[in-house]
Amino acid sequence: MTTRDSGCTNVSIPICENKRNASGSVSVGFPITMMVTGVVGNSLALILVYISYRKKENRRKKSFLLFIGSLALTDLFGQLLTSPIVISVYLADLKWCTIDTSGNLCAYFGVCMTTFGLCALFLASAMAIERAMAITNPHWYSNHMKTSITKQTLAAIWCFGFLFALLPIAGIGEYTNQWPGTWCFIRTGKSEAHGNVFFAITFAVLGIFSLLVTLSCNVMTIRGLIIRCKTKTGASQSSKQWERLTTETVIQLLGIMCVLIICWSPLLVLLLRMIYNQVSSQECNSTYAKPGTSQSKVLNLDCDFFLTAIRLASLNQILDPWVYLLFREILLRKFCIMANAVSNCSVEDRKETQTALDALNKQNQDGNNVCKSPSN
């Protein structure tokens, strides 16, 4: 595949080639479906966070809601700013140069991918750290942690992610059009740009480090929760409220952690491997142009895996809000009650479970009436 350099930035864009028959993995249905589901899911998450934030008086909960809302906002903008470009390239018969003759759009796309990717990873780590502090050292957290600190942390994460993504624009690193020609990202192969290897490795290392921080902090949170539950054996109202709140938070964080690891690990590990081997996804196009060789079959598999890896990373923007939606407080209560109903076999326990369910249904009806009253 031949490429040409854009005049103003470290960006390589391909000379127009028709790659419609490159692979069965290429389909416009993927970006359209992911854009629609991503916008809907993140919009619903933002609405729920806004409603919950106005009702909550607990600073712990408000800080966590700020992080959740910021994550949904980041994912929403990531979808809105990149998906229309991908769809346009598909409609242009996979010819990126048809819609980007200067290479500026490729640089813009690379900046968006890097910014929103790093910010999502950092936000998940920040949430894990915040909850670990709240559970392992609640007294210090209550006295020192304020919503203003949370807002400053969010601003720092967004600024760092954006400034780091601008490094190729400043001459450090390079963005290039990636196979199958529908998106742009960090170049992993040989490049004449200064600091390209440093920029690519730094992105991958920052992503992996963020995943490790998220995992470690959630393990600390679970450990702290178990220790706290063992020491808090009383049946007071505050003890039950604390257990419910921490359980809800831990499950939410574990869900986000699992989504991040599944979605980002393949891409980050593959990036490090491609940097080490000095291989770029641009070679996939020349490989597909020479079918029938054993080398072609091996590289075809790697190219398909690379496309799957980036789709998994994009899928993270869709799954994040649904993690919050699925593990809302009311669903957790119902889950715990149903679990008790299954585990308890005595008739008296069943009566207690039914009573709890009736009380919960009454609370749901009261909550629905409260939510409907403003619109009336």
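Each remark here, short or long, concerns the structure printed above.
Fair warning: this is a prediction, and the values are worked out from it, not measured in the lab.

## Side note on the pattern of salt bridges
Thinking step 1. A complete count under the given rule lists two salt bridges for this structure.
Thinking step 2. With its nearest N and O atoms 2.5 Å apart, the salt bridge here joins glutamate 130 to arginine 131. In this pair, the class of glutamate 130 matches that of arginine 131, namely buried.
Thinking step 3. Here arginine 187 ties to glutamate 174 by a salt bridge, and the two come within 3.1 Å at their closest N and O atoms. Of the two residues, arginine 187 is situated in the loop between strand E4 (183-186) and helix H7 (196-231) and glutamate 174 in the loop between helix H6 (147-165) and strand E3 (175-178); the sequence distance between them amounts to 13 residues. Each member of the pair, arginine 187 as well as glutamate 174, carries the same accessibility label: buried.

## With respect to the pairing of E4
Thinking step 1. With four bridges connecting them, E3 and E4 associate as antiparallel partners. Each residue of the ladder has a partner; that of tyrosine 175, found in E4, is isoleucine 186.
Thinking step 2. Connecting E3 to the next strand, E4, in antiparallel fashion are four residues, including glycine 181 with a positive phi near 95°.

## Here we look at helix H4 (residues 104-136)
Thinking step 1. In a regular helix each residue adds 1.5 Å, so 33 residues correspond to 48 Å; H4 covers 48 Å between its end C-alpha atoms and thus fits that length.
Thinking step 2. Burial analysis of H4 places 27 of its 33 residues in the buried class, which makes it a mostly covered element.

## Some thoughts on the nonpolar core
Thinking step 1. Grouped together as the largest cluster of nonpolar side chains are 61 residues, with contacts concentrated most on Phe109, Phe203, Ile256, Trp264 and Leu267.
Thinking step 2. Looking at this core, the elements with two or more residues in it are helix H2 (59-91), H4, H6, E4, H7, helix H8 (237-277) and helix H10 (294-326).
Thinking step 3. At 13 residues, the largest contribution of residues to this core is made by H4.
Thinking step 4. Excluding residues within four positions of it along the chain, isoleucine 256 makes contact with Ile68, Leu71, Ala124, Met127, Asp320 and Val323.

## A closer look at unusual backbone geometry
Thinking step 1. Notably, aspartate 93 is not glycine yet its phi reads approximately 65°, a positive angle.
Thinking step 2. Relative to the assigned elements, aspartate 93 resides in the loop between H2 and helix H3 (96-99).
Thinking step 3. Relative accessible area serves as the criterion here: at 23%, aspartate 93 is assigned to the partly exposed category.
Thinking step 4. For leucine 94, which is not glycine, the phi torsion reads 60° and is therefore positive.
Thinking step 5. Here leucine 94 is to be found in the loop between H2 and H3.
Thinking step 6. Residue class for leucine 94 comes out buried when judged on its relative accessible area of 0%.

Rules of the game
Residues numbered from 1 in each chain as written. Predicted model: local features only at pLDDT ≥ 70, side-chain atom pairs only at ≥ 80, totals over all residues. Heavy atoms only, no water. Salt bridge = Lys/Arg side-chain N within 4 Å of Asp/Glu carboxyl O. Buried < 20%, exposed > 50% of the residue type's maximum accessible area, 1.4 Å probe, protein only. Helix = DSSP H or I, 4+ residues; strand = E, 2+ residues; numbered from the N terminus. Pairing = 2+ DSSP bridges. Expected span 1.5 Å × (residues − 1). Core = buried A, V, L, I, M, F, W, Y, C linked by side-chain atoms within 4.5 Å. Contact = heavy atoms within 4.5 Å.

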